[in-house]
Amino acid sequence: MKLARLAEHHPRAVLVLVFLLAAAGALVLPRLPSSIYPSLQFPRILVVGHSGILPGRSMMLAVTRPLEQAAMEVPGIRRVRSSTFRGSTEISAQFAPDTDMAAALQLLRSRVEETRADMPPGVDLQVERLTGASFPILSVNLNGGLPSADLRDAAFYLVRPALARVAGVGRVEVMASDTREVEVIADPARLLAANLTVEDIAAALRSANQVTPVAKFASAGRQNLVLASHVLRSVSDVADIPLTQSGALIRVGDVATVAAGVPDRTNLVYGDGREGAVINIAQQVDASILEVKQGVDQALREVATTLPSGLRLSKVYDLAEFVAGAIGNVRDAILIGGLLAILVLLVFLRDWRVTLVSAITLPLTVISTFLFMRLFGESINLMSMGGLAVAIGLVIDDAVVVVENIFRRMEAGAPPAAVWDATEELVAPVVGSTLTTVVVLAPLGLLSGVVGQFFRSLSLTLSVAVLISLGLALWLIPLLAGFAYRKRPATPSSHERSGRRLESVYARSLTRVLRRPWLAVAAGLALVVLAGGLYLGMPSGFLPEMDEGGFVIDYRTPPGSALEESDRLVRKIETLVGAVPEVASFSRRTGSELGLFATQQNKGDILVRLKPRGERKRSSAEVIAGLRGEIAAKVPTLDVEFANILQDMIGDLEGAPTPIEVKIFGDDPEKLSGLAEQVETMLSGVQGVVDLVGVGRGGPELSWEVDPVAAARAGLTVEEVGAQLSANWLGEVSTRVLQLDRQIPVRVRYPDAVRFDPTRFGGTPLRGAGGKLVPLESLAHPVPAAGEIVLMRENLRQMALVSARLEDRDLGSAVAEIRAKLPKIALPLGYSSEIGGQYESQRQAFRELLMVFGIAAVLVLLIMVFEFRAFVPALIVLGAAPLSLGGAFLLLRLTGSELNVSAAMGLILLVGLVVKNGIVMLDYAHQLRDAGAPLAEAIASAARVRLRPILMTTLCTLFGLLPLALGLGAGAELQRPLALAVIGGLGLSTAVTLYLVPATYIALQPRRSAG
């Protein structure tokens, strides 16, 4: 049985099947999870180590190197990069895209545990796989007239539990400048008089705050547990703990001041320019971000009524808000594109019944696609919805071709039963042309990284949509068309007469072209030259930039800046940010960053949220450009970087956070630092390069060099000396006070006047053998030193890194200029340089996209060879693809768009789209030739007959993509280059198909016949 005849013989089954698909799609739509991007898998694991204040060089040798070696032994590893400074190390392990990351994480954790035994004691290690859930989707400020520790308690004990109970919420992180603790501030004079030390107080508190099970007994049939306990519950309890020395009873309160306090600040957290607590909320993997947002908003409203008076919650970042706006904009693009496509049909057909028959495939296809998105585990995101938006102009193509062919037969006076003959006539070309669109998308599965995952989601929805539309065109459309034509009048309409006039004009112009076919071939060669000329010098980038309604300012104060000095400098930035009229709110961290990263105290970030688009005059890029200049003028000592939040997050997850990285490899860190300074100077002269960040340094140091012989005479080791000094100056958390539902640390330390005064360091008493106290200055001497360089390594090689971002400059041309200037920096023997960052990701993506382009062309050629059973027509039709690139490049240039991965995706899609019209035309020409018509006459007749469906399908596609090409609304920038490339290429390819394809076929046909 012929394919189209299935619907003729089983019309009820077709109608039921279509209804069930649409109903199922409508049912699953509300249950589809939503997110900004597809569920991205990043082949990266982060290992973060902390060891107090171990020097950077020692940290690198004792901690970083073993961890690097452990990571290098895990199968699938591609790159290991480390950053080490005093007390901290961060190792980034980048794996091959096809690595089983769950297994890699487990294996790396076991390797890390094996190396822990050889590391210094007390090293804290975290091994985590980076995913989208590692970063917050919402960030909330808690401000009020309370101290920072109280704000932190309110956020941690009141707000955090309420948010954690929301379905779909993952990690809820609370950050504040201070946490609560009980401080036992020992008086050095009283301690000395009592022959006590800080460690004696800590030991007494630790031993007094105990709960020990000592017995059990049965009584009245119940088991009783006997405890020996004393639990500290208040500050006064701590002060009353006895210290026994030489038989005299001395309490803690006799030698120390006990009071509620906060630990030494290592980071600062501000919200809207005031001290506050910041609550970062991440979603669970595969949770629906819009449902999470709804639950979080409800929880925030409820918890706001339970907060102490004067406290206020305010959002500073809301990714879900951007997602809702972006998805809404793509939805609007789908609706507007669909209406424009229907309007095109109405203009051509001028019959609402016929237009309705063709247009019904649009809603049915879109709704049915949601069912398959659910079956394939897809979510509603920018890429999947973008696939539907791109499909709008395509899914109606098959229906238009079928309806037009039926319409043409009816105009010729055919009976209603001829509907099925008209449909069957088009089965082969329609199936072939649809498959060309699908097969160009199939090789996208070969793309790796973020690019592959992005466009895999788009290609899935697009492929499903066009295949559904194919089934509707062959089975549903004939059923509806038969009914519509029974209701139409038999006399020719004005639109039929105008259609004939259009065909007549085209036939005359085509005849002139066919008389000189080799001129058409020459015109095709000229178009190839034009495409090549437009490609040369084409600005290129990686992913399109989006106006996300917010951005991040990463900053670094001068090396060695105290926390107070960093705070003073960054307050100037906050003042500038707060004065920007487009800014809605912002939060600031100093000494910590967004995400799981090791951070120095002179580094941090400011998260800025802008007002909605309708309430601000400038885009985020314009706001950033203005702030960049103001900060450079008013706070010149600060190094700052501006980044879009999502792009910064993706960069961090991929391990390429900045567009440009210049890496210099060598052995000597000081030499590398000097070379990096030369690279910075060179980059500062490159137009468009901004936000330069070079080699970092730690703060100045004062090292007390312990004489091991003198320490031994006092009965001490170097390690014991260090431990006692740490307890005196940094303090020792000896135990915890139990208060209601929380435990508060108890820290014993010297007063600030002693531990922050370097002139008094030497008099610090240390307990030696036999309980004798000796001053530090008798065992050690101070040695001041400059701050250490932040040590960076990649694949076990020492490295200096200089990173930069771009403003008003494309990535490709900027890197080309840097490549030309980089060799002018003379590198010592054994030193080398590389360029990485997002540029490296761009090169990898472009190489893979070029491979996909070639595979797609081969697959399309294969389908057309099956279709035509000959190579020449297949090659001629496929030749329209490279000719159409000139139109794509021209439109991209005219609109100021870069050749990025989105535009490249559009070029690949063109390979399948531009051949559709040629297939429909030449298939009919072959039918006429097989019926006995001469070749030239058959081609001319086929071109005239297929003119109207070619114009209709092309215009439907172009107008369907128009809303995406305009790039209006949040998130629309992602698909805009794709839409522009398709519109420009398809517009030119239509003229190529209508004139050059017939002429070239005739020009080459004699040669084929002779062979």
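Calculation criteria
Residues numbered from 1 in each chain as written. Predicted model: local features only at pLDDT ≥ 70, side-chain atom pairs only at ≥ 80, totals over all residues. Heavy atoms only, no water. Phe/Tyr/Trp six-rings, centres within 6.5 Å; stacked < 30°, edge-to-face > 60°. Buried < 20%, exposed > 50% of the residue type's maximum accessible area, 1.4 Å probe, protein only. Helix = DSSP H or I, 4+ residues; strand = E, 2+ residues; numbered from the N terminus. Lys NZ or Arg CZ within 6 Å of the ring centre and 35° of its normal. 1 Å grid on protein atoms, 1.4 Å probe; cavity = no way out; pocket = protein on both sides within 12 Å on 5 of 7 lines; lining within 4 Å. Points joined across faces, edges and corners; volume = space filled by probe spheres on them. Nonpolar A, V, L, I, M, F, W, Y, C, P; charged D, E, K, R; others polar. Pairing = 2+ DSSP bridges. Contact = heavy atoms within 4.5 Å. Axes fitted to C-alpha atoms, helices over the stretch in contact; angles between N-to-C directions. Parallel < 35°, antiparallel > 145°, perpendicular 65-115°, else oblique. pLDDT = per-residue confidence, 0-100. Patch = residues over 30% accessible without salt bridge, like charges linked within 9 Å, V, L, I, M, F, W, Y side chains within 5 Å. Areas by Shrake-Rupley, 256 points an atom, 1.4 Å probe, with all protein chains shown as cover. Salt bridge = Lys/Arg side-chain N within 4 Å of Asp/Glu carboxyl O. Expected span 1.5 Å × (residues − 1). Arc of directions from axis to C-beta.

**Q** Just to check I follow, could you spell out the packing of aromatic side chains for this structure?
**A** Any pair of aromatic rings gets described here by the distance separating the centres and the angle formed by the planes. Per the stated rule, a full pass over the model turns up 5 aromatic pairs. Plain terms: the ring middles of Phe-156 and Tyr-157 are 5.0 Å apart, the flat faces sit at 75° to each other, and that makes the pair edge-to-face. Exposure remark for Tyr-157: the relative accessible area of 21% places this residue in the partly exposed category. On the numbers, 5.5 Å between centres and 70° between planes, the contact of Tyr-506 with Tyr-995 is edge-to-face. One end of the pair, Tyr-506, is in helix α18 (residues 494-515); the other, Tyr-995, is in helix α34 (residues 976-1010), with 489 residues separating them in the sequence. Arg-152 extends its terminal NZ or CZ atom over the ring of Phe-156, reaching a point 4.3 Å from the ring centre. One Lys or Arg, Arg-742, reaches over the ring of Tyr-157 and ends 3.9 Å from the middle of that ring.

**Q** I keep staring at the layout of surface pockets and nothing clicks. Help me out?
**A** Leftover empty space is mapped by rolling, across the atoms, a probe with the size of a water molecule. When its volume is computed, the second largest pocket comes out at roughly 1200 Å³. Around the second largest pocket, the lining is made up of 42 residues, and of these Pro-544, Glu-545, Met-546, Asn-644 and Gln-647 lie nearest the centre. Secondary-structure elements contributing two or more residues to the lining of the second largest pocket are α21 (620-634), β20 (639-644), α22 (645-654), β30 (797-806), α28 (838-868) and α34. Looking at the lining of the second largest pocket residue by residue, the classes come out as 16 nonpolar, 12 polar and 14 charged.

**Q** So what exactly am I meant to see when it comes to the sheet that holds strand β18 (residues 583-590) here?
**A** In sheet architecture, strand pairing relies on hydrogen bonds along the backbone and comes in two forms, parallel and antiparallel. A sheet is described by the order of its strands in space; here 6 strands give the open sequence β14-β13-β18-β19-β17-β20, paired in antiparallel fashion. A strand with exactly one partner marks an edge of an open sheet, and here the two such strands are β14 (274-275) and β20. Both strand β13 (residues 268-271) and β14 contribute to a ladder of 2 bridges, which runs antiparallel. Of the residues in β14, the one forming a bridge with Tyr-270 is Glu-275. Running at roughly 175° to β20, α21 makes contact with β17 (550-556), β19 (603-610) and β20 of the sheet.

**Q** I'm lost on the packing of helix α32 (residues 935-945) against helix α33 (residues 947-966) in this one. Help?
**A** Geometry of a packed helix pair, given as the angle between the helix axes and the separation of the axes. For the pair α32 and α33, the least separation of the axes is 4 Å and the interaxial angle reads 45°. What the angle tells us is that α32 and α33 run oblique. In this structure, α32 contributes Ala-943, Arg-944 and Val-945 to the contact, and α33 contributes Leu-947, Arg-948 and Pro-949. Of the residues in the contact of α32 with α33, the class split is 4 nonpolar, no polar and 2 charged.

**Q** Please clarify how the environment of Lys-634 should be interpreted in this entry.
**A** Assignment of secondary structure puts Lys-634 in helix α21. Once the C-alpha coordinates of Lys-634 and Ile-573 are considered, the two residues, 61 residues apart in sequence, prove to be 8.7 Å apart. Excluding its chain neighbours within four sequence positions, the residues that come into contact with Lys-634 are Lys-572 and Leu-576.

**Q** What am I meant to see in the side chain of Arg-747 here?
**A** With respect to the helices and strands, the residue Arg-747 is situated in strand β25 (residues 742-749). Beyond its immediate stretch of four places on either side in the chain, Arg-747 contacts Glu-181, Val-182, Glu-183, Val-184, Pro-263, Leu-730, Gly-731, Glu-732 and Val-733.

**Q** Looking at this model, I keep getting lost on the confidence of the model for the protein chain. Mind explaining?
**A** Should the pLDDT be low somewhere, the predicted coordinates at that spot are not to be read in detail. Overall, the predicted model of the protein chain reaches an average pLDDT of 84, with 94% of residues at or above 70. Mean pLDDT in the protein chain bottoms out at helix α1 (residues 5-9), which sits at 65, and peaks at strand β21 (residues 660-665), which reaches 92. Counted against residues more than four places away or in other chains, residues 1007-1011, with its pLDDT under 50, gives 4 contacts.

**Q** Sorry if this is basic, but what is going on with a nonpolar patch on the surface here?
**A** On the surface, a cluster of nonpolar side chains totalling about 520 Å² of accessible area is made up of Leu-343, Leu-346, Val-347, Trp-352 and Leu-356. Mapped onto the nonpolar patch, the elements with two or more residues apiece are α11 (319-349) and α12 (352-359). Per-element accounting of the nonpolar patch gives the leading share, 3 residues, to α11. Residue position: Leu-356 is located in helix α12.

**Q** Explanation requested: the pattern of salt bridges in the structure shown.
**A** Pairing between side chains of opposite charge can happen when the charged atoms of each approach one another. Tallied over the full model, the rule gives 40 salt bridges. A salt bridge links Asp-153 to Arg-180; the nearest nitrogen and oxygen atoms lie 2.7 Å apart. One end of the pair, Asp-153, is in helix α5 (residues 148-164); the other, Arg-180, is in the loop between β6 (169-176) and β7 (181-186), with 27 residues separating them in the sequence. The class of Asp-153 is buried, set by a relative accessible area of 8%. Residue classification places Arg-180 among the partly exposed positions, given a relative accessible area of 27%. Arg-747 is the salt-bridge partner of Glu-181, the closest N and O atoms lying 3.2 Å from each other. Within this pair, whereas Glu-181 is found in strand β7, its partner Arg-747 is found in strand β25, the two being separated by 566 residues in sequence. By the burial criterion, Glu-181 is buried, and Arg-747 matches it.

**Q** What exactly am I supposed to notice about the sheet that holds strand β24 (residues 732-739) here?
**A** Strand order in this open sheet of 4 strands is β12-β7-β25-β24, and the pairing throughout is mixed. Of all the strands in the sheet, the pair left with one neighbour each is β12 (256-261) and β24. Across the sheet, the mean angle separating the axes of adjacent strands is 25° when strand polarity is ignored. Its contacts with the sheet put helix α7 (residues 198-208) on β7, β24 and β25, and the angle it makes with β24 is roughly 35°.

**Q** Whenever I open this one, the pairing of β13 confuses me. Can you help?
**A** As a general feature of sheets, a regular strand has side chains that alternate between the two faces. Alternating residues of β13 divide into Leu-268 and Tyr-270 and Val-269 and Gly-271, and every residue in both groups is buried. Direction of pairing for β13 relative to β18: antiparallel, over a ladder of 4 bridges. By the bridge assignment, Leu-268 is partnered in β18 with Thr-590. Hairpin connection, β13 to β14: the antiparallel pair is bridged by 2 residues, and Asp-272 has positive phi, about 55°.

**Q** What exactly am I supposed to notice about helix α10 (residues 289-304) here?
**A** The α-helix advances 3.6 residues per turn, and as a result positions three or four apart in sequence lie on the same side. For α10, spanning 16 residues, the distance from its first C-alpha to its last is 22 Å, which sits close to the expected 22 Å at 1.5 Å a residue. Within the sequence span of α10, burial applies to Ile-289, Val-292, Lys-293, Val-296, Asp-297, Ala-299, Leu-300 and Val-303. Each buried residue of α10 lies within a common arc of 170° when the element is viewed along its axis, so the set occupies one face. Exposed side chains of α10 directed beyond 90 degrees from the buried face belong to Gln-294 and Arg-301. As for α10, its buried residues are in contact with β5 (138-143), α5, β6, β15 (277-283), β16 (312-318) and α11.

**Q** Please explain empty space enclosed by the protein as it appears in this structure.
**A** All told, the structure shown has 4 cavities of 30 Å³ or more when counted by the stated rule. What lines the second largest cavity is a set of 14 residues, and nearest its centre among them are Asp-397, Leu-913, Lys-916, Asn-917 and Thr-953. Listing elements by their share of the lining of the second largest cavity, those giving two or more residues are α14 (382-411), α16 (427-441), α31 (901-930) and α33. Of the residues contributing to the lining of the second largest cavity, the split by class is 6 nonpolar, 5 polar and 3 charged.

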